[in-house]
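Coordinate inspection notes
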Amino acid sequence: MQLIYCYIKNFRNIVCQEINFSENYNVHYKEDTLYIDYGQPNQAADYLYGQSFMRNLRVIVGKTGSGKTNLLQLLGMNEYERLNSLEKDAYLMLYQMADKNSFLMECVGIDVKGITDQCSEYLPSRKRYGVYKFVF
């Protein structure tokens, strides 16, 4: 399973930001809808990196106070911390599973049309937190 996308509606000093972690997908969250498209092959990256570990390396840069540490803390949070998140926190994280058409989505305080209302949750229904598996 690989993290491919994160949308943060509100978390500490990060507001309405989306981060794509994979060149294999173009993902966007807009107006309660998640859009997923397959990315185009990158011939230059194929030539330079092949399938080595450097292929999936991502770097986070920004000014002091721009939210780099908060993003890493969000990504590294455990389930207990997510369940006890602040009422204003709202974000989603999308993971690609072994099959390139299967996804797992973790949501806090966000609804996604066609997924959070129709897919079964892995975890028992919680007020603000859910984990959903779906095929695209």
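Once a new chain begins, its residue numbering starts again from 1 and follows that chain's sequence as written. The predicted origin of the model limits local features to residues at a pLDDT of at least 70 and limits the giving and counting of side-chain atom pairs to 80 or more, whereas totals for whole chains, interfaces and linings rest on all residues. Side-chain calculation: all heavy atoms of the structure are included, whereas hydrogens and water are not.

1. What about the environment of Ser-66?
What counts as a helix is a DSSP run of H or I of at least four residues, what counts as a strand is a run of E of at least two, and both are numbered from the N terminus. Along the polypeptide, Ser-66 turns up in the loop between α1 (43-49) and α2 (68-76). Residue burial is assigned from relative accessible area. The probe radius is 1.4 Å, only protein chains are included, and a residue is buried under 20% of its type maximum, exposed over 50%, and partly exposed in between. Classification of Ser-66 by relative accessible area gives partly exposed; the value is 39%. As for Ser-66 and Val-27, which are separated by 39 residues in sequence, their C-alpha atoms are 23 Å apart.

2. Focus on the sheet that holds strand β6 (residues 102-108)
Strand-to-strand pairing in sheets goes through backbone hydrogen bonds, with the strands running parallel or antiparallel. In this analysis, strands are considered paired if DSSP registers two or more bridges between them. Across the sheet, which stays open at both edges, the five strands sit in the order β2-β1-β5-β6-β7 with antiparallel pairing between neighbours. The open sheet has two edge strands, β2 (14-20) and β7 (129-135), and neither has a second partner. The sheet shows a mean angle of 15 degrees between the axes of neighbouring strands, direction not considered. Across six bridges, strand β1 (residues 2-11) lies against β2 in antiparallel orientation. From the neighbouring strand, Tyr-7 faces β2, where its bridge partner is Glu-18. Interaxial angle, 0 to 180 degrees, is taken between N-to-C directions of lines fitted to C-alpha atoms, where a helix line uses only the stretch in contact.

Spatial relationships are all this shows, so hold off on functional conclusions.
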